[in-house]
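# Coordinate inspection notes
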Amino acid sequence: MPESTRIGLVTSGSLLEGLTARLDDDYDLERLRVGQFVVVQGRQNRFFSLLTDVQLAATSPSILADPPGDANPLLAEILAGRSTYGTFKITPQLMLPEDVSLGLRPVKTIPAHFAPIYEASEDDFGLVFGEEKDGKFQMGQPLDMDIPVCLDLHRFVERSNGVFGKSGTGKSFLTRLLLCGVIKNKIASNLIFDMHSEYGWSGTTENTNIEVKGLRQLFGAQVMIFTLDADSSRQRKAPYDGEITISLDEIQVEDILLLQEVLNLNATAAESAYICVEKLGKSWISKILAMDTEALKDFSDQSGANMASISALRRKLIAVERLGFVSKNSNLSSISTLIDSLLIGKTVVLEFGKYHGDLAYMLVANILTRRIHNLWLEKMNKFEGSKNPADKPPHLMITIEEAHKFLNPAIARQTTFGTIARELRKYSVTLLVVDQRPSSIDNEVMSQLGSRITALLNDDKDIDAVFTGVSGSKGLKAVLASLDSRQQAMILGHAVPMPVVIRTRPYDSEFYKAMLHSSTSSPQRHAAPVPVSATQTQDDVDDLFA
Ligand SMILES: Nc1ncnc2c1ncn2[C@@H]1O[C@H](COP(=O)(O)OP(=O)(O)O)[C@@H](O)[C@H]1O
Ligand SMILES: [Mg+2]
């Protein structure tokens with residue numbers, strides 16, 4: 001290993017609480033950064049750790065009671081290092097045994113007293129995060145170095161994942177980066193519910209309003225754009241491959257009930273809707289809408305439904321029927337084309353145009369996802385039987401912004417999204433949930449997320465939510481709260497060997513160039529990565545985040 005800069009040495013600590021260290025006298029305290037990656041050299045292991053806190057200390061309280069004044073800089077200098085000094089806290093995240101071939105392991109012990117602590121070198125980053133090739137994708141750089149920090153996309157898509165952060169912190173940009181990685185490396189098909197039309201053809205930066213390239217501009221025909229609002233696409237001069245219409249017959253009672261809050265439905269609406277389906281069958285909505293007051297009265301008399309409740313339901317259904325993309329009879333061909341594109345491994349962006357309200361977003365996302373879920377389930381079952389690789393559907397990642405609308409505790413058990421988040425990884429469909437309020441997402445869903453890529457969050461509830469199901473997260477919470485308000489993120493979970501803070505990769509012309517060129521590997525700049533031990537099982541790795 002080349003010489004690294006020494007920071008200090010371990011003075012106390014525990015496996016559970018992390019380590020406390022004393023800063024070396026000649027190391028400038030202000031160089032330390034919360035979230036920094038540091039290395040402790042134990043006798044038998046190197047401990048890769050995160051810096052979580054910095055503190056001031058003094059050997060005697062009397063010095064602090066009578067501090068040297070401005071007039072006495074020499075005295076302050078004499079005290080510094082002997083009587084006043086800095087301490088810092090670190091949490092070991094991974095350890096590498098002396099025998100490097102054993103690979104990186106979860107931390108099961110701690111270094112002894114006075115083990116030296118160093119700044120992580122480029123080689124250390126290389127050992128842990130690898131270089132950009134074989135499905136590893138650069139998400140950004142460490143806070144204080146110009147080297148790549150990579151995420152393992154194969155592992156990433158295996159589980160559902162989350163991108164979190166306050167509004168304006170860079171969630172959509174992070175999501176675009178991730179999607180670019182997945183598309184470029186041909187890791188999975190993608191379906192993106194693009195509520196604000198910012199992924200397909202182009203997006204814009206917030207303050208400067210500069211247009212940035214969407215996925216279609218970067219990946220051409222590999223990305224298909226479907227729209228609910230062709231007028232908006234034409235106005236934006238954004239190309240699209242198909243218009244989506246939803247037929248009234250495709251809307252199920254469950255879809256309407258999920259809109260309970262949006263439509264302001266009362267408690268008896270569910271009962272009335274179920275009676276309608278039972279008596280009128282699949283086309284219940286068209287049939288109810290076609291009834292005048294008299295017909296409605298006859299129907300409620302015959303069916304035993306409450307007249308007032310059925311009339312109220314009918315009024316709400318009119319709002320659904322009025323959505324421009326809802327049609328009385330649709331041949332469904334456009335949805336089938338969309339799904340066929342996913343089946344051959346393409347990425348589909350569904351733009352909502354002017355229909356960016358909750359009603360349209362939730363209705364369409366639910367209906368489409370249910371159809372896809374059923375189809376993937378069917379195909380996976382067939383594949384289980386035949387074991388013929390041709391029967392296996394491609395892995396699909398579904399990206400949803402404002403994910404809490406589908407995954408809040410009140411409805412997560414009823415939506416297809418909830419089902420996917422909880423169990424669908426075995427059917428090759430996973431979610432990428434993007435949200436600014438992770439605390440409003442169901443706990444069980446949060447704990448299933450394999451990787452969490454989080455920009456700044458201020459609310460304690462949201463910060464706690466991001467760490468649902470992550471052990472030893474106390475120090476990491478402080479790190480998260482200290483991120484810059486833009487273009488910084490913490491990645492933690494399944495797709496990275498240890499939690500890491502990054503400056504997010506700029507989404508700029510250099511990035512476009514990297515996406516357009518066919519070779520994904522950048523020249524080797526540091527040591528080859530050490531495998532997360534070959535003898536290690538998947539469970540061991542998951543252990544890191546258990
Ligand atoms: N990786 C990045 N590259 C370039 N600009 C970025 C990046 N991340 C964030 N930004 C800037 O920050 C702004 C907010 O990001 P955005 O992803 O729209 O936030 P959010 O989706 O969290 O509201 C963007 O408009 C852009 O100007
Ligand atoms: Mg956004």
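See the structure shown above.
Residues numbered from 1 in each chain as written. Chains lettered and ligands numbered in written order. Predicted model: local features only at pLDDT ≥ 70, side-chain atom pairs only at ≥ 80, totals over all residues. Heavy atoms only, no water.

### Quick word on the pattern of salt bridges
Inclusion rule: Every case where a carboxyl oxygen of Asp or Glu lies within 4 Å of a side-chain nitrogen of Lys or Arg is listed as a salt bridge. Using a 1.4 Å probe on the protein chains alone, a residue whose accessible area is under 20% of its type maximum counts as buried, one over 50% counts as exposed, and one in between counts as partly exposed.
What the rule picks out here adds up to 22 salt bridges. With its nearest N and O atoms 3.4 Å apart, the salt bridge here joins Lys405 to Glu402. The exposure class assigned to Lys405 is buried, which follows from its relative accessible area of 13%. One salt-bridge network, in which partners are shared between bridges, spans Asp358, Glu402 and Lys405.

### So, the pairing of strand β18 (residues 347-351)
Consecutive side chains of a regular strand alternate in pointing toward one face of the sheet and then the other. For clarity, the threshold we go by: Per the convention used, a helix needs a DSSP run of H or I reaching at least four residues, while a strand needs a run of E reaching at least two, with both numbered from the N terminus. Any two strands are treated as partners once DSSP identifies two or more bridges connecting them.
The element β18 is extensively covered by neighbouring structure, given that five of its five residues are classed as buried. Going residue by residue along β18, you find Thr347, Val349 and Glu351 tucked away on one face and Val348 and Leu350 tucked away on the opposite face as well. Two strands pair when backbone bridges link them, and strand β11 (residues 189-194) and β18 are joined in this way by five bridges, in the parallel orientation. Pairing of Leu191 across the sheet is with Val348, part of β18.

### Thoughts on helix α13 (residues 307-321)
Stated formally: In this scheme, a helix's expected span is set at 1.5 Å multiplied by one less than its residue total. As used in this structure description, the phrase polar contact means that two N or O atoms lie within 3.5 Å; if the pair is within protein, one of them must be able to donate a hydrogen and the other to accept it, and residues adjacent in sequence are counted only when both atoms belong to side chains.
Taking 1.5 Å per residue, 15 residues should reach 21 Å; α13 reaches 21 Å between its end C-alpha atoms and fits that length. Taken together, the buried positions of α13 are occupied by Ser309, Ile310, Ser311, Ala312, Leu313, Leu317, Ile318 and Val320. Two or three places before Ala308, at the opening of α13, Asn306 has a side-chain oxygen 2.9 Å from that residue's backbone nitrogen.

### Quick notes on the packing of helix α10 (residues 269-280) against α13
Defined as follows: Fitting a line to C-alpha atoms yields each axis, with helices limited to the stretch in contact; the angle taken between N-to-C directions then spans 0 to 180 degrees. Each angle gets one of four labels, with under 35 degrees taken as roughly parallel, over 145 as roughly antiparallel, 65 to 115 as roughly perpendicular, and the rest as oblique. Contacts are residue-level and defined by heavy atoms, with any inter-residue pair within 4.5 Å sufficient. Only Asp, Glu, Lys and Arg are considered charged, only Ala, Val, Leu, Ile, Met, Phe, Trp, Tyr, Cys and Pro nonpolar, and every remaining residue, Gly among them, polar.
Interaxial distance between α10 and α13 falls to 9 Å at its minimum, and their mutual angle equals 85°. It follows that α10 is roughly perpendicular to α13 by the angle criterion. Residues Ala269, Ser272, Ala273 and Cys276 of α10 form the contact with α13, whose participating residues are Ser309, Ile310 and Leu313. Here the contact of α10 with α13 is built from residues that sort into five nonpolar, two polar and no charged.

### Some remarks on the sheet that holds strand β15 (residues 242-243)
Within the open sheet, the twelve strands sit side by side as β9-β8-β23-β22-β21-β10-β20-β19-β11-β18-β14-β15. Their pairing is mixed. Looking along the sheet, the strands with just one partner apiece sit at the ends: β9 (149-152) and β15. Note: strand β22 (residues 488-493) against strand β23 (residues 500-504), four bridges, orientation antiparallel. Residue pairing across strands places Ala489 opposite Ile502, the latter belonging to β23.

### Quick word on the site of ligand 1
Definition in use: Residue proximity to a molecule or strand is established when one non-hydrogen atom of the residue lies within 4 Å of it. Per-residue and other accessible areas follow the Shrake-Rupley method at a 1.4 Å probe size, with only the shown protein chains counted as cover for residues.
Taken together, 17 residues lie near ligand 1, and Gly168, Lys171, Ser172, Phe173 and Glu206 sit nearest. Within the backbone of Phe173, a nitrogen or oxygen atom sits 2.9 Å from an oxygen atom of ligand 1. One of the side-chain nitrogen or oxygen atoms of Arg486 is found 3.2 Å away from an oxygen atom of ligand 1. For ligand 1, whose unbound accessible area comes to 570 Å², protein coverage reaches 88%. When residues in the shell around ligand 1 are grouped by element, the largest group, three residues, is from helix α5 (residues 171-184).

### What about the side chain of Asp255?
Within the secondary structure, Asp255 is located in helix α8 (residues 253-258). Among the polar contacts listed, one links the side chain of Asp255 to the backbone nitrogen of Gln252, at a separation of 2.8 Å. If sequence neighbours within four positions are ignored, Asp255 has contacts with Glu250, Leu363, Asn366, Ile367 and Arg370.

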